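Descriptive analysis of the structure
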Amino acid sequence: MSGSIKNSIPVDVVLEGDCAEVMKSLPDESVDLVFADPPYNLQLSGELHRPDNSRVDGVDNDWDQIGDFDAYDLFSSAWLQQARRVLKPNGALWTIGSYHNIFRVGAFLQDMGFWILNDVI
């Protein structure tokens, strides 16, 4: 598509990189929707098994290894602050989560003044 916003950033493209850093390159109130799938910070160590002894294929990749809760909170706060800044006044934020992280993210959303309209389960 043609068109661009300030700083010659094309419209309707996927920007790759560290989300908080990439969003710093965007102008204030320039985004209609932020869709986030942040690391869940599962903190798995060893294998995880269900009651029937089948193995759970959990996420144990480096990108999900944030650290302790304080480190995860700093990470979450950084990207949510940038999301808040770049969202238009009537913009929306969708985030994916699991029970490992979504309540921490939800608390930040409320503390930052986001209105949580709905949960999709």
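Residues numbered from 1 in each chain as written. Predicted model: local features only at pLDDT ≥ 70, side-chain atom pairs only at ≥ 80, totals over all residues. Heavy atoms only, no water.

1. Looking at the layout of surface pockets
Roughly 950 Å³ of volume is contained in the largest pocket. In this structure, the largest pocket is lined by 26 residues; those nearest its centre are Leu93, Trp94, Thr95, Ile116 and Asn118. Looking at the lining of the largest pocket, the elements with two or more residues in it are strand 6 (87-95) and helix 3 (102-111). Ranked by residues supplied to the lining of the largest pocket, first place goes to strand 6 with eight residues. Its residues placed into classes, the lining of the largest pocket shows 16 nonpolar, six polar and four charged. (1 Å grid on protein atoms, 1.4 Å probe; cavity = no way out; pocket = protein on both sides within 12 Å on 5 of 7 lines; lining within 4 Å. Points joined across faces, edges and corners; volume = space filled by probe spheres on them. Helix = DSSP H or I, 4+ residues; strand = E, 2+ residues; numbered from the N terminus. Nonpolar A, V, L, I, M, F, W, Y, C, P; charged D, E, K, R; others polar.)

2. Observations concerning the environment of Arg55
When you line up the elements, Arg55 lands in strand 5 (residues 55-56). On the accessibility criterion, Arg55 (43% relative accessible area) is partly exposed. The contact partners of Arg55, leaving out residues within four places of it in the chain, are Glu47, Leu48, His49 and Arg50. (Buried < 20%, exposed > 50% of the residue type's maximum accessible area, 1.4 Å probe, protein only. Contact = heavy atoms within 4.5 Å.)

3. Re the packing of helix 2 (residues 69-86) against helix 3
The contact between helix 2 and helix 3 brings their axes to 10 Å, and the two run at 45°. With respect to helix 3, the axis of helix 2 lies oblique. When you trace helix 2 past helix 3, the crossing you get is right-handed. For the pair helix 2 and helix 3, the contacting residues are Phe69, Tyr72, Asp73, Ser76, Ser77 and Leu80 in the first and Arg104, Val105, Phe108 and Leu109 in the second. Among the residues forming the contact of helix 2 with helix 3, the class breakdown is six nonpolar, two polar and two charged. (Axes fitted to C-alpha atoms, helices over the stretch in contact; angles between N-to-C directions. Parallel < 35°, antiparallel > 145°, perpendicular 65-115°, else oblique. Left-handed = near helix turned anticlockwise from the far one by under 90°.)

4. Observations concerning the packing of aromatic side chains
Applying the stated rule across the entire model yields one aromatic pair. A ring pair is formed by Tyr72 and Phe75, whose centres lie 6.0 Å apart and whose planes are at 40°; its orientation type is tilted. Of the two residues, Tyr72 and Phe75 are both situated in helix 2; the distance of three residues between them amounts to about one turn of the helix. Assessed through its relative accessible area of 23%, Phe75 is described here as partly exposed. (Phe/Tyr/Trp six-rings, centres within 6.5 Å; stacked < 30°, edge-to-face > 60°.)

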